[in-house]
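Take a look at the letters that make up each chain.
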Protein chains: 2
Amino acid sequence: MTENQGTERISRDRLVDFAARALEAAGMPRQDAAAGAPLVVEPDLNGADGHGIFRLPQYVRRIRAGGINTQPQIRVIREKAAMALVDGDNALGHLVVHRAAEAAIEKASEHGVGWAGVRNGNHAGAASTWARIPLEQGMIGLYLAVGSANHLPPWGGVDMLLSTNPLAVAIPALEEPPVILDMATTVAAYGKVKTALQRGEMMPEGWMIDREGKPLTDPRRAGEGFLLPIGGYKGYGLALIIGLLAGTLNGAAMGRDVIDFNADDVTATNTGQAVLAISPEAFGDAHGFRQQVDEVVRTMRGSARMPGVDRIRLPGEMSHAKRLDRLENGVPIPAPLLETLNVLAGELGIDGPA
Amino acid sequence: MTENQGTERISRDRLVDFAARALEAAGMPRQDAAAGAPLVVEPDLNGADGHGIFRLPQYVRRIRAGGINTQPQIRVIREKAAMALVDGDNALGHLVVHRAAEAAIEKASEHGVGWAGVRNGNHAGAASTWARIPLEQGMIGLYLAVGSANHLPPWGGVDMLLSTNPLAVAIPALEEPPVILDMATTVAAYGKVKTALQRGEMMPEGWMIDREGKPLTDPRRAGEGFLLPIGGYKGYGLALIIGLLAGTLNGAAMGRDVIDFNADDVTATNTGQAVLAISPEAFGDAHGFRQQVDEVVRTMRGSARMPGVDRIRLPGEMSHAKRLDRLENGVPIPAPLLETLNVLAGELGIDGPA
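Below or above, wherever it landed, is the structure these notes cover. Just so you know, these numbers come straight off a predicted model, no measurement behind them.

**With respect to the overall build of chain A**
A count of helical and extended segments in chain A gives eleven helices and twelve strands. Relative to the 2.2 N^0.38 estimate, which gives 20 Å for 354 residues, the radius of gyration of chain A is 20 Å and therefore close to what a compact globule would have. Relative to its 354 residues, chain A shows a buried fraction of 61%. Working note: accessible area of chain A is about 13700 Å², and carbon and sulfur atoms make up 46% of it.

**Quick look at the interface of chain B and chain A**
Each partner contributes to the interface: chain B provides 78 residues, whereas chain A provides 78 residues. Of all residues in chain B, K234, F283 and M306 of chain B give up the largest surface area on contact with chain A, accounting jointly for 12% of the area buried on that side. At the boundary of chain B with chain A, the tally comes to zero salt bridges. Counting every contact that joins chain B to chain A gives 24 residue pairs in polar contact (both at pLDDT 80 or more). Here the side of chain B that touches chain A gets eight residues from one element, more than from any other, and that element is helix α7 (residues 233-246) of chain B. Taken together, the residues of the side of chain B that touches chain A sort by class into 48 nonpolar, 17 polar and 13 charged.

**A few points about the sheet that holds strand β10 (residues 225-227) of chain A**
What holds strands together in a sheet is hydrogen bonding between their backbones, with the strands either parallel or antiparallel. Residues and elements named next belong to chain A. Read across the open sheet, the three strands follow the order β9-β8-β10; overall the sheet is antiparallel. What marks the edges here is a single partner per strand, and that holds for β9 (215-216) and β10. Bridging between strand β8 (residues 208-210) and β10 involves three bridges; their strand directions are antiparallel. Following the sheet pairing, D210 is matched in β10 by G225.

**Section: the packing of helix α1 (residues 12-26) of chain B against helix α2 (residues 30-45) of chain B**
Residue and element names in this part refer to chain B. Packing of α1 against α2 brings their axes to within 8 Å, and their N-to-C directions diverge by 135°. In terms of orientation, α1 and α2 fall into the oblique class. With respect to the hand of their crossing, α1 and α2 are arranged in right-handed fashion. Judged by residue contacts, R12, L15, V16, A19, A20, L23 and E24 of α1 engage R30, A33, A34, G36, A37, P38, V41 and L45 from α2. Across the contact of α1 with α2, the residue classes tally to eleven nonpolar, one polar and three charged.

**Observations concerning helix α9 (residues 286-301) of chain A**
Side chains of residues three or four places apart in an α-helix project in the same direction, reflecting 3.6 residues per turn. Its 16 residues place the ends of α9 of chain A 23 Å apart at the C-alpha level, agreeing with the 22 Å of an ideal helix rising 1.5 Å per residue. Listed in full, the buried residues belonging to α9 of chain A are G288, F289, V293, D294, V296, V297, T299 and M300 of chain A. Contact partners of the buried residues in α9 of chain A: β5 (140-145), β6 (167-171), β7 (179-183) and α8 (280-283) of chain A together with α7 of chain B. Where α9 of chain A begins, one side-chain oxygen reaches toward the backbone nitrogen of H287 of chain A, 3.1 Å away; that side chain belongs to D285 of chain A.

**Quick word on the environment of S303 of chain A**
Structurally, S303 of chain A can be placed in the loop between α9 and α10 (317-329). Taking relative accessible area as the criterion, S303 of chain A reaches 2% and is therefore assigned buried. Within polar-contact distance, the side chain of S303 of chain A engages the backbone nitrogen of V158 of chain B at 3.4 Å.

**Focus on the environment of R199 of chain B**
Residues and elements named next belong to chain B. By the secondary structure assignment, R199 is in helix α6 (residues 190-199). Judged by relative accessible area, R199 falls into the exposed class, the value being 53%. Along the backbone, R199 and P219 are 20 residues apart, and their C-alpha atoms lie at a distance of 9.9 Å.

**So, the sheet that holds strand β3 (residues 83-87) of chain B**
Residue and element names in this part refer to chain B. Strand order in this open sheet of seven strands is β2-β3-β4-β11-β5-β6-β7, and the pairing throughout is mixed. Bordering the open sheet on either side are β2 (75-80) and β7 (179-183), each of which pairs with just one other strand. With strand direction ignored, the average angle separating the axes of adjacent strands in the sheet is 10°. Looking at chain direction, β2 and β3 are connected through five bridges and run antiparallel. Bridge assignment links E79 to a residue of β3, and that residue is A84. Running over the sheet, helix α4 (residues 93-111) touches β2, β3, β4 (113-121), β5 (140-145) and β11 (271-278) and is turned about 160° from β4. Across the face of the sheet, helix α5 (residues 127-135) comes into contact with β5, β6 (167-171), β7 and β11 while running at roughly 25° to β6.

**Here's the deal with unusual backbone geometry**
Negative phi characterises most residues that are not glycine, and trans characterises most peptide bonds. All names here are of chain A. Of note, N120 is a non-glycine position whose phi angle comes to about 55°, a positive value. Tracing the sequence through the fold places N120 in strand β4 (residues 113-121). Assessed through its relative accessible area of 26%, N120 is described here as partly exposed.

**Overview of α7 of chain B**
Look at α7 of chain B: 20 Å from first C-alpha to last across 14 residues, which is about the 20 Å you get at 1.5 Å a residue. With respect to burial, α7 of chain B is a largely interior element, 13 of its 14 residues being buried.

**Remarks on the nonpolar core**
Residues I171 and L240 of chain A together with I171 and L240 of chain B are the most contacted members of the largest nonpolar core, which totals 90 residues. With residues up to four places along the chain from it excluded, the contact list for L240 of chain B reads V179, V296, M300, L314 and P315 of chain A together with L162 and M254 of chain B.

**Observations regarding the packing of aromatic side chains**
Residues and elements named next belong to chain A. The full count for this structure, using the stated rule, is two aromatic pairs over all chains. Note on Y59 and F261: the rings are 6.3 Å apart at their centroids and 50° apart in plane angle, and the pair reads as tilted. Of this pair, Y59 sits in helix α3 (residues 56-64) while F261 is found in the loop between α7 (233-246) and β11 (271-278), placing the two residues 202 residues apart along the sequence. Y59 gets classed as buried once you look at its relative accessible area, which sits at 1%. Judged by its relative accessible area of 2%, F261 is buried.

**Focus: the side chain of E317 of chain A**
Residue and element names in this part refer to chain A. With respect to the helices and strands, E317 occurs in helix α10. One polar contact links E317 to R311, side chain to side chain, over a distance of 2.6 Å. Sequence-distant contacts of E317, defined by excluding residues within four places in its chain, comprise R301, R311 and I312.

Thresholds applied
Residues numbered from 1 in each chain as written. Chains lettered and ligands numbered in written order. Predicted model: local features only at pLDDT ≥ 70, side-chain atom pairs only at ≥ 80, totals over all residues. Heavy atoms only, no water. Helix = DSSP H or I, 4+ residues; strand = E, 2+ residues; numbered from the N terminus. Rg over C-alpha atoms; globule rule 2.2 N^0.38 Å. Buried < 20%, exposed > 50% of the residue type's maximum accessible area, 1.4 Å probe, protein only. Areas by Shrake-Rupley, 256 points an atom, 1.4 Å probe, with all protein chains shown as cover. Contact = heavy atoms within 4.5 Å. Buried area = accessible area lost by both parts, 1.4 Å probe. Salt bridge = Lys/Arg side-chain N within 4 Å of Asp/Glu carboxyl O. Polar contact = N/O pair within 3.5 Å; in protein donor to acceptor, adjacent residues only side chain to side chain. Nonpolar A, V, L, I, M, F, W, Y, C, P; charged D, E, K, R; others polar. Pairing = 2+ DSSP bridges. Axes fitted to C-alpha atoms, helices over the stretch in contact; angles between N-to-C directions. Parallel < 35°, antiparallel > 145°, perpendicular 65-115°, else oblique. Left-handed = near helix turned anticlockwise from the far one by under 90°. Expected span 1.5 Å × (residues − 1). Core = buried A, V, L, I, M, F, W, Y, C linked by side-chain atoms within 4.5 Å. Phe/Tyr/Trp six-rings, centres within 6.5 Å; stacked < 30°, edge-to-face > 60°.

If you want it as C-alpha cells, here you go:
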C-alpha cells in the first residue's frame, strides 16, 4: 500500500486500542483481547501492511463464526530442557505463538537454545513479529510457519499442496539495526500479482507459471497458474521442509490438511508454527558478537555498487526505518482500509479507530 | 559428472581405504585419517560428486602446506544443556563437524533439541553429510555453513563478500526415503557454469548477472559477473543470515574474513558451521511422526503433474537412489578424476584407489 492523498496516519496506540475493543466485542475475554491487540498491530509498525490490522476483520469474522476458540486453554503439553510443544486449543494465533516464543526464550536463557513448536494454532500475522521477540532479550530469533492457505504445487506438479511457508530470522546488532529476514518461499507474494492486475501491468517472467510450466505474465490469467518458488525446486524444498518442521513435527496440519483460512471461517485450522531462540551469551561474549554483527552489516553496506543502486540494504533495514517513523508519526492507513475498519466497528457496535 | 565410457566404478570401501592412506601419508595420525576418510567419501555415495573424493587432492595439498593442523585438539569450549561450541583447532573440517554433530545429538537425546557451533574448522564437504548424521538416531538434522570462498556480492553490490552459504535439512520418514534438502543459496552452482563453458553452451538468464546487473549468459564471460542468489534479495538475505549463524555467532570467519580455500593452502580459514539435532520423540510419538512424513511425501508424489514431468520428486529422493546404487555397485569415478587420484597416489608414494 502506498501513501497517497487518501491515507491517514493513525497512532499505534489508537490502533491497538481499536483492535482490543474489536476483539473483545467479538467475544474474547478482555484480558486476552488486550494481550492480543498489540501483537495484531505489530506488523503495521514494521511495514508488513498486509499482515497487521488489515487482517482484523478476518480474525473477527472467524471468532464470531466459532472458528477461533475464545475460551482456550493454551498449554505446554510436552517439555524438555531445550524444547516445548504448545497446544493452542484453537485460540487466536497470536496468543499461541507468543506463548511459544516465551517458552523458547525461557529455555534459551537457561540452556543456551530453546525451540518451541505450536499445534492447534491459527494465523498469527507477519513472521518477523515472532523472530523479533527474542531480540528484546538480546537473543537471536527464528520462526517457521505453515501458511494458512495452499498456493504452491510440489515442483513439476499442478495440485496446490503447499503454502508459501515463511521463514523469519532476527539477529541483534549493537549500534546497527537488527538484521531481520522475513521471507515467503515464493519469488513474488500474491499481493504483488494483485497490484499488477489493478495497474493493468504485465508481470515479469519468473513470478508465475501456468499449468504447462510456461511463464505466465498476464495477471488476468493468474487463476490459471501458480506462484514460482524461489530458486525453482529449491524453494519447493524449503516450503516442504518448513512445513514438516513447523507443522508435521508438532502434530499440526501440513499438505492436504491445511485449511484455507481465507475461504473457511469455521473449521479449526490446526496451524503449526515454531520459534527458536538462541542466546549469544551461551556462545561467548554477547557484546562482542553484536559488535561483529555491526561489522558484517557495515562491510555489506560498504560494498561498491552496481550502476543505479543508491544504497546496499541489509535485511530488516527498511522495516526498521518504517518502525521508527510509524512509532513517531503513526501508521499510514489507506482510505479503503479505514473504511473497512469503520464498517467493522459499526458491526461490532464500537467506535472506529480514528 | 555423467557416467560414460571413461567412468569406472570403484567400491566405497576402496575409496575410503584410499582416502585413509592418502590422509595418513600426507601427515595425519592413522587414527584421525581412518576417522576422516569415510566422511570425506560420504558425499560420493549421495551423488554430491564435487564434494567427495574429488576434493581429496585439495585437502592433501592443504595438509602438506601446513594449512590444516594434523595434531589438533578438537574441544568443546562452551557448553550448556542445549548447545555446544566446538573449537576445531584448524583440524580437517570433517573431524570437527563430526564432533559438533555428536554433541548436538547428545544434547538432543537428553533435552529434545541440541545446537552445536564450530569455530576454527575447515571445508567439510557436502552439507547433507552433516544433516544426515542425526538421521541415524532417528532425529532431524539441520546444518548451516559458511562457504569456503566468497562468490556473492550483497544485493545491488559488486564486491564479493558472501559465500553461497549452504543449508541442509534431513527429516526421517518411516517407509519412504528421508526428506533431505541440500542447497546453496545461489540459483546455479559454479560447477554448472563450468559445465556450460566446456560444452560451448550459453547459460539461461537467471544464473548470473554482470557488474551492471544485466543478465550474463555467456559462460566465457563468467569472470565478469556473479552468481545470482535464489529469489534475488531473498537469497542474499539467506546467505547473510546463514553466515551470521554459522560463522559470526561461533567466532568464525564471515564476510571479508573468509579465506578463499581454493586459492590459499596455508592460511587458517577459521571456517564456521552449525549442526542442529531435533529428537521427534521429545515432541510425541516418533513412530507416528515418521508415518506422517511418509504421508506428506506420498501426497506430494501423488500430485497431478505438468506435461512432460514423469515423476514428482522429493528432496533427497535422487540422492537416496544413488546411495543405494553406489553402495551396491560402487561409485562412478570419471577417468580424469581417477587419473588425478593416481597422480596424488604417486606423489604420496601409496597405491592408487583402483
